[in-house]
Amino acid sequence: MIFNTAPVAFGALGAPITTLGAVTRLDPNLLGAMVGRQLPFMAVLLPFYVMGIYGGKRSIAALWPILAVAGLSFAATQFVVSNYIDYSLTDVLSSLVSLIISVAFLAIWRPAPDPEFAMSQEARAVRQTSTMSAWQGWMPWLLVSAVVIVWTVFKIFAFGQQAIQWPGLHNQVFITLYKANYAAVWVFQPLATGTAILVSAILLALLVGMSVSGFFKAVAETWRMARIAILTVALIVGLAFLMNYSGQTYTLGLAVSSLGIIFPLVSPFLGWVAVFLSGSDTSGNALFGNLQVVAANQLNLDPTLMAATNSSGGVMGKMISPQNLSTGVSTTNLKGREGVVFARTFKHSIILTLLLGILVVIQQYVTPG
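Here is what the cut-offs are and how they apply
Residues numbered from 1 in each chain as written. Predicted model: local features only at pLDDT ≥ 70, side-chain atom pairs only at ≥ 80, totals over all residues. Heavy atoms only, no water. pLDDT = per-residue confidence, 0-100. Helix = DSSP H or I, 4+ residues; strand = E, 2+ residues; numbered from the N terminus. Patch = residues over 30% accessible without salt bridge, like charges linked within 9 Å, V, L, I, M, F, W, Y side chains within 5 Å. Areas by Shrake-Rupley, 256 points an atom, 1.4 Å probe, with all protein chains shown as cover. Salt bridge = Lys/Arg side-chain N within 4 Å of Asp/Glu carboxyl O. Buried < 20%, exposed > 50% of the residue type's maximum accessible area, 1.4 Å probe, protein only. Expected span 1.5 Å × (residues − 1). Bend = angle between axes of the 7 residues up to and from the residue. 1 Å grid on protein atoms, 1.4 Å probe; cavity = no way out; pocket = protein on both sides within 12 Å on 5 of 7 lines; lining within 4 Å. Points joined across faces, edges and corners; volume = space filled by probe spheres on them. Nonpolar A, V, L, I, M, F, W, Y, C, P; charged D, E, K, R; others polar. Core = buried A, V, L, I, M, F, W, Y, C linked by side-chain atoms within 4.5 Å. Contact = heavy atoms within 4.5 Å. Arc of directions from axis to C-beta. Phe/Tyr/Trp six-rings, centres within 6.5 Å; stacked < 30°, edge-to-face > 60°.

Student: What am I meant to see in the confidence of the model for the chain here?
Tutor: Any segment with low pLDDT has predicted coordinates that should not be analysed in fine detail. For the chain, the mean per-residue pLDDT works out to 86, and 95% of the residues sit at or above 70. No element of the chain has a lower mean pLDDT than helix α5 (residues 121-127), at 57, and none a higher one than helix α2 (residues 28-35), at 95.

This is how it looks when you write it as structure tokens:
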């Protein structure tokens, strides 16, 4: 659960950042770049932190070269892609580069054998029973990565895009806090980046020779598993815009600004709470992203930094979100033991969020801009 949160802030094709830009009316490219100046520090720390939890100083001492290579390769790619290429490709490319470099490094360096962690012959035999080749196992991920990269580089998502001013709402709400009208513009994208995932699924089905009925059975099964999560995200995004247009977000933002100078330290915990409750960084950004901006404006803080921190803070809440815990344990032999996993993970979630808060304080007051 701790490791699996690393790419959460950029999510699926940058969806959390795109949503954050929509609700805050800040440039999503700048938001993505700012997140890319926060999470690389966590990416370098995470392999050492988790290995320390698992095996203590002994394991870190034995494995530090590969921990450094994996963390640094992911972090460096995350920073470069989010700041200089395209935030929507950040974690697709980061994970791809990190995997390739880590596997290549392990071809020339191996840790010394440790009897305590030796695999039994029975375990080896089980691994060798699969008839599927390694290439087939990697094909879905490689294909979706390639399609997404093409979709983004050639801006296919922008084909047919229209900015629609919503009738009866556009510029009809007056924000007294800012003394400005609130624009209501819906950016309609018939080929949005989600379509790239659908295209990838269809191409993969053709490559592996899946029947039409088998494909639609897989679609139906996916819908059955994800329908509640889909509805939850849709409703929370709708709630977020309702809170924005009704003025509730601005009232809450004005209230939390009373924290004053310590707000940057607390800011990640707002994202943490939002994702803990909703299970989604996209939903968390929709809920509290604009609240962070309102508070930042009242305190003369960097609004882009505070909004980005909401997404980064949500990363730490993801690992203990009930939705994600139930999903995670369902793929293991820990079904029914969500409470145990939560108890083991909770303190690490708090520690990592606090470390992020300290980083945000440094970014705001020591190295602004």
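Student: Looking at this structure, how should I read a nonpolar patch on the surface?
Tutor: Taken together, the side chains of L45, L259, I261, I262, L265, I351, L354, L355, I358, I362, Y365 and V366 make up a nonpolar region of the molecular surface, amounting to roughly 1000 Å² of accessible area. Of the residues forming the nonpolar patch, the biggest block, seven residues, is contributed by helix α14 (residues 338-366). Classification of L259 by relative accessible area gives partly exposed; the value is 35%.

Student: What's the story with α14 in this structure? I'm lost.
Tutor: The periodicity of an α-helix, 3.6 residues per turn, causes residues three or four places apart in sequence to face the same way. With 29 residues, α14 should cover 42 Å at 1.5 Å per step; its first-to-last C-alpha distance of 40 Å lies within 8% of that length. When the local axis directions of α14 are compared, the greatest deviation, roughly 35 degrees, occurs at T345. Along α14, the positions that sit buried rather than exposed are V341, T345, H348, S349, L352, T353, L356, G357, L359, V360, Q363 and Q364.

Student: I'm lost on empty space enclosed by the protein in this one. Help?
Tutor: Empty space among the atoms becomes visible once a probe the size of a water molecule is rolled across them. Scanning the model with the defined rule gives one cavity of 30 Å³ or more in all. Considered as a void within the structure, the largest cavity measures approximately 90 Å³ in volume. Lining the largest cavity are T5, A6, L39, M42, A43, L46, F74, Q78, V315, M316 and L352. Secondary-structure elements contributing two or more residues to the lining of the largest cavity are α3 (39-84) and α12 (303-318). Residue contributions to the lining of the largest cavity peak at six residues, all from α3. For the lining of the largest cavity, the class distribution of residues is nine nonpolar, two polar and no charged.

Student: I keep staring at the nonpolar core and nothing clicks. Help me out?
Tutor: Counting 40 residues, the largest nonpolar core has V35, M306, M316 and L352 as the members making the most contacts within it. For this core, the elements supplying multiple residues, two or more each, are α1 (15-24), α2, α3, α8 (212-246), α10 (263-278), α11 (281-299), α12 and α14. Residues within four places of M316 in sequence aside, it is in contact with M42, W272, S349, L352, T353 and L356. Core analysis: the next-biggest nonpolar cluster, separate from the first, contains 13 residues, L13, L143, V147 and V148 among them.

Student: Can you help me understand the layout of surface pockets in this one?
Tutor: Size it by volume and the second largest pocket reaches roughly 420 Å³. Taken together, 18 residues form the lining of the second largest pocket, with M1, I2, V341, R344 and T345 sitting closest to its centre. Secondary-structure elements contributing two or more residues to the lining of the second largest pocket are α3, α13 (322-330) and α14. When residues in the lining of the second largest pocket are grouped by element, the largest group, five residues, is from α14. By residue class, the composition of the lining of the second largest pocket is eleven nonpolar, five polar and two charged.

Student: Even after reading the chapter, I still don't get helix α9 (residues 248-256), so can you show me in this structure?
Tutor: Every buried residue of α9 is listed here: T249, Y250 and G253. Along the long axis of α9, the arc covered by the buried residues comes to 95 degrees, so they all point the same way.

Student: Help me understand the packing of aromatic side chains in this model?
Tutor: This structure, assessed with the given rule, holds eleven aromatic pairs. With 5.3 Å between their ring centres and 50 degrees between their planes, W186 and F188 make a pair best called tilted. Ring geometry for W272 and F346: centres 6.2 Å apart, planes at 70 degrees, overall edge-to-face. Separated by 74 residues along the polypeptide, W272 in helix α10 and F346 in helix α14 bring together distant segments of the chain. One aromatic cluster is present, built from ring pairs that chain together F269, W272, F276, F342 and F346.

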